[in-house]
Every structure is written in C-alpha cells, then in structure tokens.
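What follows is the residue order along each chain.
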Amino acid sequence: MEIDVVIIGAGVVGLACAAESAKRGYSTLIVERHESFGQDTSSRNSEVIHSGIYYPPGSLKARLCVEANHNIYNECDRAGVWTRKCGKLIVAIVAEEQDQLEILYRRGIENGVEGLQLLTQSMANKIEPEIKCFSAIYLPSTGIIDSHQLMKSYIVEAKENGAEIGFGIEFVGGERKKGQYKLHMKDTNGEVVEIESKYVINSGGLFADKVAERFGIDIDKAEYRLHHNRGHYYSVSGLKNNIISHLIYPLPHAHLVSIGIHMTIDRSGRMKLGPDMEYLYDSIPESEWYKFDDSRREKFFNSVHRYFPSLKLDDLSPDQVGVRPKRKGSEDNIKDFIINEESEKGLPGLVNLIGIESPGLTCSREIAREVFKILNN
Ligand SMILES: Cc1cc2nc3c(=O)[nH]c(=O)nc-3n(C[C@H](O)[C@H](O)[C@H](O)COP(=O)(O)OP(=O)(O)OC[C@H]3O[C@@H](n4cnc5c(N)ncnc54)[C@H](O)[C@@H]3O)c2cc1C
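Residues numbered from 1 in each chain as written. Predicted model: local features only at pLDDT ≥ 70, side-chain atom pairs only at ≥ 80, totals over all residues. Heavy atoms only, no water.

## Structural notes on the overall build of the protein
The helix and strand tally for the protein stands at eight helices and 20 strands. Here the C-alpha radius of gyration of the protein, 21 Å, is about what a compact globule of 377 residues would show, namely 21 Å. Taking the principal axes of its C-alpha atoms as reference, the protein extends roughly 65 × 40 × 40 Å. Counting the 377 residues in the protein, one finds 55% classified as buried. Residue pairs at least 24 apart in sequence account for 72% of intrachain contacts in the protein once pairs closer than 6 positions are excluded. When the accessible surface of the protein is summed, it comes to about 16,200 Å², and 48% of that surface belongs to carbon and sulfur atoms. Each charge sign in the protein was given a centre, from 46 positive and 54 negative side chains, and these centres are 2 Å apart. (Helix = DSSP H or I, 4+ residues; strand = E, 2+ residues; numbered from the N terminus. Rg over C-alpha atoms; globule rule 2.2 N^0.38 Å. Buried < 20%, exposed > 50% of the residue type's maximum accessible area, 1.4 Å probe, protein only. Contact = heavy atoms within 4.5 Å. Areas by Shrake-Rupley, 256 points an atom, 1.4 Å probe, with all protein chains shown as cover. Lys, Arg positive; Asp, Glu negative; His and termini not counted. Charge placed at Lys NZ, Arg CZ, Asp CG, Glu CD.)

The structure is reproduced here in structure tokens:
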C-alpha cells in the first residue's frame, strides 16, 4: 500500500493533521494503536480554550495559541462543535502577588492576547462575587470546548476528503528507502503490515519520543525524550455548581512549571478542580497511570479554598487523571512544542510533534497548519 501522508496517532492533534492533509488533496491514513480515537491525553484534560497569556513571547506556544484563540470559535461554530467563550480570571490572592500579576499581564499584552484587563478586587467581585482576591487579570477570550465533538469534527472533515483511519494498528518501526518511508505496523493479532508513504507525521502524544526513536533518531541528543507527568482532577458536587460563570486560576508557579490548581466549568456548569503535577516513575506501567490517588484531597482543598472560601472538603469527589508528555523531568522551566521536519537528520518528509502538552487541544488546528506550512516549503 502506498500513501502520501501517514499520521501516527489519532489524538486531537493527529486528527487535525488528517483533516488538513486530506483537505489539501493528499491521500491520508491515520494509524492508532487503540480501538478508538482520543483515548489518551485528548480525552483527559481541562477542555479550556486558552488565550496564550502564559507562554514566552516568540515561542510556538504563544504564537499558535493566540492564533488558535482568534480562529477557533468561528471554526467550531461552522463545524457544529460546542464552545463557550466564558472568560477567565487569574487572581492575585494577596497584595504580595500584585507584581507577579502585572508581569503576567504585560506578557499577555506582548503576546497579543485579545481584550486583557487588570481588575481591582471590587471589579473582580462584580463579575465573580464568590471569589476572594486582591486583584485579577480578566481574559474575555478564554473559553471551554467539547473536545470529543472537536475530534469527531476533524474525523468527519478528514473522511469527507478521503482519509482513512486504521484502529488497533501500532506503528513499530520505519526506515527510509528509495525516497519513500517503509513503515511497519502491527495489528491486534500481532500481524505485521507494511505501508509505504511519502510523508509521515509523528503525532504519538505520550509516546512520540518512542515513535521518533523507531526511525533511528537519538532522542536524547535531539532533546525529544518525554517524561510522563500526571495531573488529578476533583469534581465539585451539589450546590457549588453554577456558582461561578468564569474559569478561575491562581497565579502560575515560578518558571511556569504549572499553571496552578484551577477551577473550570463544563457545559452543564459542573465545576472541576485541577490538575496537580506528579512525575511518574518509569517503573509504573501504563495500566496504572490513570488510577486516582485520593490522598491529595486536602492539598486540592487548601489550594482552592484560598480564593474560593465557600468550598468545603466534602464537596470534592475524585474525577479524572490526565498525563502530560513533558520534555524535561526536572522542574526548571517551561518547554516549547517541537514541530520538526527532519531533513537535517536524513529523514526528509518526517515531521515529529514532540512535547505537545497544554495548550495542544486549543492549538490542534494551528499545529496542523504549521506542519503543512513546513512540508509545503
Ligand atoms: C491534565 C491535562 C490538562 C490539559 N488541559 C488542556 C486544556 O485545558 N487546554 C488545552 O488546550 N490543552 C490541554 N491539555 C493538553 C492537550 O490535552 C494535549 O496537548 C492534546 O490532547 C495532545 O493531543 P495529541 O493528539 O498530541 O496526543 P494524544 O491525545 O495523547 O494522542 C496521541 C495518540 O497517539 C497514539 N499512539 C502513540 N504511539 C503510537 C504508535 N506507536 N502507533 C499508533 N498509535 C500510537 C496514542 O494511542 C494516542 O491515541 C491538557 C493536558 C493534560 C494532561
């Protein structure tokens, strides 16, 4: 079988790549090891449409997120994907946090985030009376999205333009021969299938480093090695739901290692708290990654109670766990997305997408556009 573009991984980013690829007239195949799409990170996240305030100016994350935020609401409207531009507050809880809040505000302005405002305590409390803060940044362009619908819409678009998806097919190895890629796939019965393609997009999410390694790339030298970092969520039961109408975030941790345990809402108004951060030891098998560890309940309560005082410990119920593909294990600084075409490594037409953590859901379409901008050059 010979195909123009093979995409490895049917998460939200791989599916967006498939939609863009097929729209451009390439014969397109996505292969996915699971029996369905979006079983890993793409269905275990906060479902927030980010604004682009956090990321270093000039980074891919900043540029793609601001562009994505500008485009996503209209594009989702056209595709019948549910979104709500509910807006968000980032709060300085005490006066000592004001300087940090203003630094973040200036970064947002520099990144071109739309509609930013600095609010005093009374202005913030006019829009969110239950929140305790000294001051806040208001981000009217932040919103929430139904990620499952977004993935389905990419599949519909890809299929309408002729793309095919193979579920239960794992990419196990690949090499370049006579100007083509020879890709080895294994199906659920252990049968090996060979596919030839002109281009390959590695959208393997948590395992994108392993996929790159299977093309013979030295992932330590390339700085592609991924470290798995999980985050838990608690949902808030009962009366507290519908009490807030914006997303509420504390200030991010130093060097943006995490954006802090925040309060989000879903389309029914149900509140979710999280995620926290915990690196997973290599010895923990994938089957254990998503087990909920309830020992963190008090830590969550204490973090959120500081800015949402009516929260009670009993309001918290264990919800979901998501895992981030982090490019570095030590907690030093934020890492950018990698979107690399690998001609320099002797692998022309192979694009590796590495470290596609947050805001990868928001940026899925822009990442796909970027891939084809690079391939068409
Ligand atoms: C806790 C958490 C909260 C987040 N919150 C947000 C948010 O609010 N907003 C936002 O914009 N982003 C958020 N993100 C980030 C966002 O969820 C991810 O960036 C996005 O889902 C990544 O999509 P993906 O397609 O790259 O990866 P995935 O969804 O992980 O998909 C990769 C796919 O590749 C497949 N695969 C891997 N190896 C192989 C192989 N060898 N052969 C075949 N298939 C393979 C996997 O099975 C998987 O289905 C969050 C992430 C986490 C963890």
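After that view, the rundown keeps rolling.
## Describing the nonpolar core
Side chains of nonpolar character tend, in soluble globular proteins, to be buried together. Among the nonpolar cores identified, the biggest contains 89 residues, and Ile90, Leu353, Ile367 and Val371 are the most heavily contacted of them. Per-domain counts for this core show at least three residues from each of domain 1 (2–44 + 148–225 + 334–375) and domain 2 (84–142 + 228–326). Setting aside residues no more than four positions away along its own chain, Val371 makes contact with Cys17, Ile201, Ile339, Val351 and Leu353. Counting residues in each nonpolar core, the second largest holds 24 residues, with Ile3, Ala208, Ala212 and Ala222 among its members. (Core = buried A, V, L, I, M, F, W, Y, C linked by side-chain atoms within 4.5 Å. Domains from an automatic or database assignment.)

## A word on the domain arrangement of the protein
Per the domain assignment, the segments of the protein are domain 1 (2–44 + 148–225 + 334–375) and domain 2 (84–142 + 228–326). A C-alpha centroid distance of 31 Å is found between domain 1 and domain 2. Counting residues at the interface gives 14 residues for domain 1, matched by 14 residues for domain 2. Buried area between domain 1 and domain 2, both sides added, is near 1,200 Å², and the carbon and sulfur share of it is 50%. (Buried area = accessible area lost by both parts, 1.4 Å probe.)

## Structural notes on the site of the ligand
Inspection of the region around the ligand gives 41 residues, with Glu32, Arg33, Ser42, Ile356 and Thr362 positioned closest. Backbone polar atom of Ser46 to a nitrogen atom of the ligand: 3.2 Å apart, as the coordinates give it. Contacts to the ligand include Phe171, whose backbone N or O atom sits 2.9 Å from a nitrogen atom. Against a free-state accessible area of 1,000 Å², the protein chains account for coverage of 98% of the ligand. Broken down by secondary-structure element, the contributors of at least two residues to the shell around the ligand are helix H1 (12–23), strand S2 (28–32), strand S10 (169–177) and strand S18 (316–326). Considering only residue class, the shell around the ligand consists of 16 nonpolar, 16 polar and nine charged. Looking at which domains feed residues into the shell around the ligand, each of domain 1 (2–44 + 148–225 + 334–375) and domain 2 (84–142 + 228–326) gives three or more. (Near = heavy atom within 4 Å. Polar contact = N/O pair within 3.5 Å; in protein donor to acceptor, adjacent residues only side chain to side chain. Nonpolar A, V, L, I, M, F, W, Y, C, P; charged D, E, K, R; others polar.)

## Thoughts on helix H5 (residues 147–160)
Between its first and last C-alpha, H5 extends 20 Å over 14 residues, near the 20 Å set by a 1.5 Å rise per residue. Buried-residue contacts for H5 involve H1, helix H2 (60–79), strand S8 (143–145), strand S9 (164–167) and helix H8 (364–375). For H5, the N-terminal capping position is held by Asp146, with its side-chain oxygen 3.1 Å away from the main-chain nitrogen of His148. Phi turns positive, to about 100°, at Gly162, one or two residues after H5. (Expected span 1.5 Å × (residues − 1).)

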